[in-house]
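Next come the chains, spelled out residue by residue.
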Amino acid sequence: RHQKSNEHTNNSNSDEEWIKQGEQHGERHDFAMYYKVSPTNQITCRLETPIEPQLLIPILAVLNESELYPTWIPQYKVPRLEVVKSEKLCQMGRVSQVILVETEVPW
């Protein structure tokens, strides 16, 4: 079910291939989700979805507040899904940053 993507990014792990976790196309949602696992077992996720032009600035503003993720990202007791930590590691521009998000998951 998982597919490797031939797309690469400009980060330091660009030699690793993204694995497609899944995708959905429909009236309400069009997205594709990818992940890759580093040699140290760190998981990096990428979500691709079209955004309406008038929503771009509001979405970037919300995503830029990475330290507040635990206050608004949905968290569940069953199945367990919780943001434990959200830390901005580096700010390279107004909307370009590297963040560390740690979650608790049921597996």
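Residues numbered from 1 in each chain as written. Predicted model: local features only at pLDDT ≥ 70, side-chain atom pairs only at ≥ 80, totals over all residues. Heavy atoms only, no water.

Chemist: When you look at the overall build of the protein in this model, what are you seeing that I'm missing?
Modeler: Assigned secondary structure in the protein consists of two helices and six strands. Written out in order from the N terminus, the α and β elements of the protein read β-β-β-β-α-α-β-β. The proportion of buried residues among the 107 residues of the protein is 16%. A separation of at least 24 residues holds for 20% of the contacts in the protein among residues at least 6 apart in sequence. Carbon and sulfur atoms form 55% of the exposed surface of the protein, whose accessible area is close to 8600 Å². (Helix = DSSP H or I, 4+ residues; strand = E, 2+ residues; numbered from the N terminus. Buried < 20%, exposed > 50% of the residue type's maximum accessible area, 1.4 Å probe, protein only. Contact = heavy atoms within 4.5 Å. Areas by Shrake-Rupley, 256 points an atom, 1.4 Å probe, with all protein chains shown as cover.)

Chemist: What should I look at first to understand the environment of Pro-79 in this one?
Modeler: By the element assignment, Pro-79 lies in the loop between helix H2 (69-72) and strand S5 (82-91). Here Pro-79 falls in the exposed class, since its relative accessible area comes to 55%. In sequence terms Pro-79 and Val-105 are 26 residues apart; their C-alpha atoms lie 7.8 Å from each other.

Chemist: Just to check I follow, could you spell out the confidence of the model for the protein for this structure?
Modeler: Regions with low pLDDT carry predicted coordinates that are not meant to be interpreted in detail. Across the protein, the average pLDDT comes to 79, with 83% of residues at or above 70. A low-confidence stretch, residues 1-15 (pLDDT under 50), is modelled with 29 contacts involving residues beyond four sequence positions or located in other chains. (pLDDT = per-residue confidence, 0-100.)

Chemist: Honestly, the pattern of salt bridges in this entry has me stumped. Any pointers?
Modeler: Pairs may arise between side chains of opposite charge once their charged atoms sit close together. On inspection of all chains with the given rule, the structure shows three salt bridges. For Lys-20, the salt bridge goes to Glu-23, with nearest N and O atoms at 3.0 Å. Notably, a salt bridge pairs Lys-85 with Glu-87, separated by 3.2 Å at the nearest N-O pair. Owing to a relative accessible area of 31%, Glu-87 belongs among the partly exposed residues under this scheme. (Salt bridge = Lys/Arg side-chain N within 4 Å of Asp/Glu carboxyl O.)

Chemist: What is the right way to read the layout of surface pockets from this model?
Modeler: The gaps left among the atoms become clear once a water-sized probe is rolled over them. Here the second largest pocket defines a volume of roughly 380 Å³. Residue lining of the second largest pocket: 13 residues in total, with Arg-28, His-29, Asp-30, Thr-49 and Pro-50 positioned closest to the centre. Within the lining of the second largest pocket, the residues separate by chemical class into six nonpolar, three polar and four charged. (1 Å grid on protein atoms, 1.4 Å probe; cavity = no way out; pocket = protein on both sides within 12 Å on 5 of 7 lines; lining within 4 Å. Points joined across faces, edges and corners; volume = space filled by probe spheres on them. Nonpolar A, V, L, I, M, F, W, Y, C, P; charged D, E, K, R; others polar.)

Chemist: I would appreciate a short explanation of a nonpolar patch on the surface in the present structure.
Modeler: A contiguous nonpolar surface patch, about 770 Å² in accessible area, is contributed by Ile-51, Leu-55, Leu-56, Ile-57, Ile-59, Val-62, Leu-63, Leu-68 and Trp-72. Sort the elements by how many residues they give to the nonpolar patch and helix H1 (residues 56-64) lands first, with five residues. Within the secondary structure, Leu-55 sits in the loop between strand S4 (43-48) and H1. (Patch = residues over 30% accessible without salt bridge, like charges linked within 9 Å, V, L, I, M, F, W, Y side chains within 5 Å.)

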